[in-house]
Amino acid sequence: MTGLIMAAQLILGLSLLIILHELGHFLAARAFGIRVEKFYLFFDAWGFRLFHKKIGGTEFGIGWLPIGGYVKIAGMVDESLDTKKLSEPAQPWEFRSKPAWQRLIVMIAGVVMNLIVGMIIFTGIIMHYEKQYLPNANVANGVYAYETGRKLGFETGDKILAVNGDPIERFKDVTATNVLLGATITVERAGKPVDIKIPGDFYKTYSKGIRDYFIDAQNFPCVVDSILDTLWTNEKTYKISPAKIAGLKKGDIALSVDSTPVTCYGNLREQAWNHRGGTIPLSVLRGKDTVTLKLALDSTAYIGILCKMPYALKDYSFFAAVKYGISDAMGNLMANVRGLGKIISGKESARESIQGPIGIAKIYGGTWNWFRFWMITGLLSMVLAFMNILPIPALDGGHVIFTTIEMVTRKKFSDKFMERAQVVGMVILFAIMGFAIFNDFFKMIFGK
């Protein structure tokens, strides 16, 4: 069942993005009076298809080969490599007969659509799921620095001022993906600004750090606000939370773990992590009494409590949600650009970084969680936009480069050249796809 859920999420997410990408090309082409002969989800290789219906001169359908989708635009050399009609005189409704600027818009429309979709998804996530955020200005006690953060130079009590010189409104932006790829975080310490450098390879350390934290806004007393009944474990099952079993109650104040004082909520979580897999004595203040409880922790070290945060949250307004939705989308896009740069420069292994369909399905996970589904789909929308604009023949970016050169030189590439470029591009794409799929199976078989 887990595998089916993974596959279902992958197919649904990619199908939505492919359809919307191709819809961008379709709408732009029709806006300029260019005929679109086919609009397909997946490829109908060798003429086989699962479904097809002709509407208004365009054949809409679903192919059998699930490696993408396409729109067949009249008079254009595309994935089908159908060049029979190109030997005939150009017709006014064909792609090749249109001005270069119109053809350029048609080619970038798919990428633009993916960018817009990604921004809409991230905006929707903010409005529907997050709804509120923690303003950085409200973190009066400063951050709690976990061990990973302390090694970078952070100290508990540091107040975040800026990231790469830009003040931040939302506290969560200090741990954004793009920051983990290298940044300068300016903090206030003892009334003076201090710059802390985040190295370009920090994301590798971060993913292995305590609970994936290096700093957080948890520098406040741990006053239990609620007890979680169950927790999701590393074994992908639910279990009764250690807090519920131990008898923790709302209003309890954490004092110490095995005689080591608990200085704040973050410190409690770090101490629990350091004792993961074992049983710890937790002393709490309950009313006027000190009570010691036994917490049996598994490998996740989750206790199962939420502590009362003394900082006021702020509701997202519609315009703030749109602003930060665009910001989150573009931040993920820039992270992918920087990630590709690391692969090209040899700083990052392509085998470790490139994910095929199996890898992406695993990221979606074996349980259906709509928040996670939309988060990953939004991220994939930005990834597809970036990948499609790469200057590789057969991708939108390749067509954009050729059309731009034509606009500058006022000389059009021949249909024969475009056909050969398309073939070269497809060979490159199939090689990349083959590598990604092989890499998925290699990781699945050997676990690395």
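The shown structure was predicted, so the numbers you read here are calculated from the model rather than taken from an experiment.

A. Expanded view of the overall build of the chain. Scanning the chain from N- to C-terminus turns up 13 helices and 20 strands. Expressed as a percentage of its 448 residues, the buried residues of the chain come to 44%. Here the analysis covers contacts within the chain between residues at least 6 apart in sequence; of these, 66% occur between residues at least 24 apart. Accessible surface computed for the chain: about 23200 Å², of which carbon and sulfur atoms make up 63%. Of the side chains in the chain, 50 bear a positive and 38 a negative charge, and the two mean positions are spaced by 2 Å.

B. Main features of empty space enclosed by the protein. In this structure the tally under the stated criterion is one cavity of 30 Å³ or more. The calculated volume of the largest cavity comes to roughly 210 Å³. For the largest cavity, the lining is made up of 15 residues, of which Phe-95, Arg-103, Lys-412, Asp-415 and Met-418 are closest to its centre. The set of elements that each furnish at least two residues to the lining of the largest cavity consists of helix H12 (396–409) and helix H13 (415–446).

C. Up close: helix H1 (residues 2–31). The terminal C-alpha atoms of H1 lie 43 Å apart, and with 30 residues this matches the ideal 44 Å at 1.5 Å per residue to within 8%. Gly-33, located one to two residues past H1, shows a positive phi value of around 75 degrees.

D. Here's a closer look at the sheet that holds strand S7 (residues 159–163). Read from one edge of the open sheet, four strands run S8-S7-S9-S10, paired in antiparallel fashion. Strand pairing shows two members of the sheet lacking a second neighbour, strand S8 (166–167) and strand S10 (192–198), which therefore form its edges. The sheet contact formed by strand S9 (residues 183–189) and S10 spans seven bridges and is antiparallel. The residue bridging Thr-186 from the neighbouring strand is Asp-195, located in S10.

E. Representation of the state of the cysteines. In this structure the tally under the stated criterion is one disulfide. With a sulfur-sulfur separation of 2.3 Å, Cys-222 is cross-linked through a disulfide to Cys-307. Of this pair, Cys-222 sits in the loop between strand S11 (215–216) and strand S12 (224–227) while Cys-307 is found in strand S19 (residues 305–307), placing the two residues 85 residues apart along the sequence. Here Cys-222 and Cys-307 have matching classes, each one buried.

F. The environment of His-399, seen in detail. Structurally, the position occupied by His-399 is in helix H12. The exposure class assigned to His-399 is buried, which follows from its relative accessible area of 8%. In sequence terms His-399 and Leu-104 are 295 residues apart; their C-alpha atoms lie 7.9 Å from each other. Setting aside its immediate chain neighbours within four residues, His-399 contacts Met-76, Val-77, Met-107, Met-418 and Gln-422.

G. Just the nonpolar core, in detail. In this structure, Phe-154, Ile-160, Ile-185, Leu-248, Leu-268, Ile-303 and Ile-305 are the most contacted members of the largest nonpolar core, which totals 44 residues. Residues within four places of Ile-185 in sequence aside, it is in contact with Phe-154, Ile-160, Ala-162, Val-163, Val-174, Val-179, Val-194, Asp-195, Ile-196 and Ile-198.

H. Main features of unusual backbone geometry. Positioned with a positive phi, Ala-190 is a non-glycine residue whose angle comes to about 55 degrees. For Ala-190, a relative accessible area of 80% puts it in the exposed group.

I. Here's a closer look at the packing of helix H2 (residues 100–130) against H12. Where H2 contacts H12, the two axes come as close as 9 Å, and the packing angle between them is 160 degrees. Our classification of the angle between H2 and H12 gives roughly antiparallel. The two elements H2 and H12 meet at a crossing, and its hand is left-handed. Contact with H2, carried on its side by Ala-100, Trp-101, Arg-103, Leu-104, Met-107, Ile-108 and Val-111, involves Asp-396, His-399, Val-400, Thr-403, Thr-404, Glu-406 and Met-407 of H12 and no other residues of that element. Considered class by class, the residues forming the contact of H2 with H12 number eight nonpolar, three polar and three charged.

J. Quick peek at the sheet that holds strand S16 (residues 260–261). In spatial order, the strands read S16-S15-S17-S18; together these four strands make up an open sheet with antiparallel pairing. Two strands bound the open sheet, and with one partner strand each, they are S16 and strand S18 (289–296). Across two bridges, strand S15 (residues 253–257) lies against S16 in antiparallel orientation. Counterpart to Ser-256 in the pairing with S16 is Pro-261.

K. Structural detail: the packing of H1 against H2. The N-to-C vectors of H1 and H2 enclose an angle of 140 degrees; their axes lie 7 Å apart at closest approach. In terms of axis orientation, H1 runs oblique to H2. Between H1 and H2 the crossing geometry is right-handed. Facing H1, whose interface residues are Leu-17, Leu-20, His-21, Leu-23, Gly-24, His-25, Leu-27, Ala-28 and Ala-29, H2 presents Ile-105, Val-106, Met-107, Ala-109, Gly-110, Val-111, Met-113, Asn-114 and Val-117.

Procedures and definitions
Residues numbered from 1 in each chain as written. Predicted model: local features only at pLDDT ≥ 70, side-chain atom pairs only at ≥ 80, totals over all residues. Heavy atoms only, no water. Helix = DSSP H or I, 4+ residues; strand = E, 2+ residues; numbered from the N terminus. Buried < 20%, exposed > 50% of the residue type's maximum accessible area, 1.4 Å probe, protein only. Contact = heavy atoms within 4.5 Å. Areas by Shrake-Rupley, 256 points an atom, 1.4 Å probe, with all protein chains shown as cover. Lys, Arg positive; Asp, Glu negative; His and termini not counted. Charge placed at Lys NZ, Arg CZ, Asp CG, Glu CD. 1 Å grid on protein atoms, 1.4 Å probe; cavity = no way out; pocket = protein on both sides within 12 Å on 5 of 7 lines; lining within 4 Å. Points joined across faces, edges and corners; volume = space filled by probe spheres on them. Expected span 1.5 Å × (residues − 1). Pairing = 2+ DSSP bridges. Disulfide = S-S within 2.5 Å. Core = buried A, V, L, I, M, F, W, Y, C linked by side-chain atoms within 4.5 Å. Axes fitted to C-alpha atoms, helices over the stretch in contact; angles between N-to-C directions. Parallel < 35°, antiparallel > 145°, perpendicular 65-115°, else oblique. Left-handed = near helix turned anticlockwise from the far one by under 90°. Nonpolar A, V, L, I, M, F, W, Y, C, P; charged D, E, K, R; others polar.

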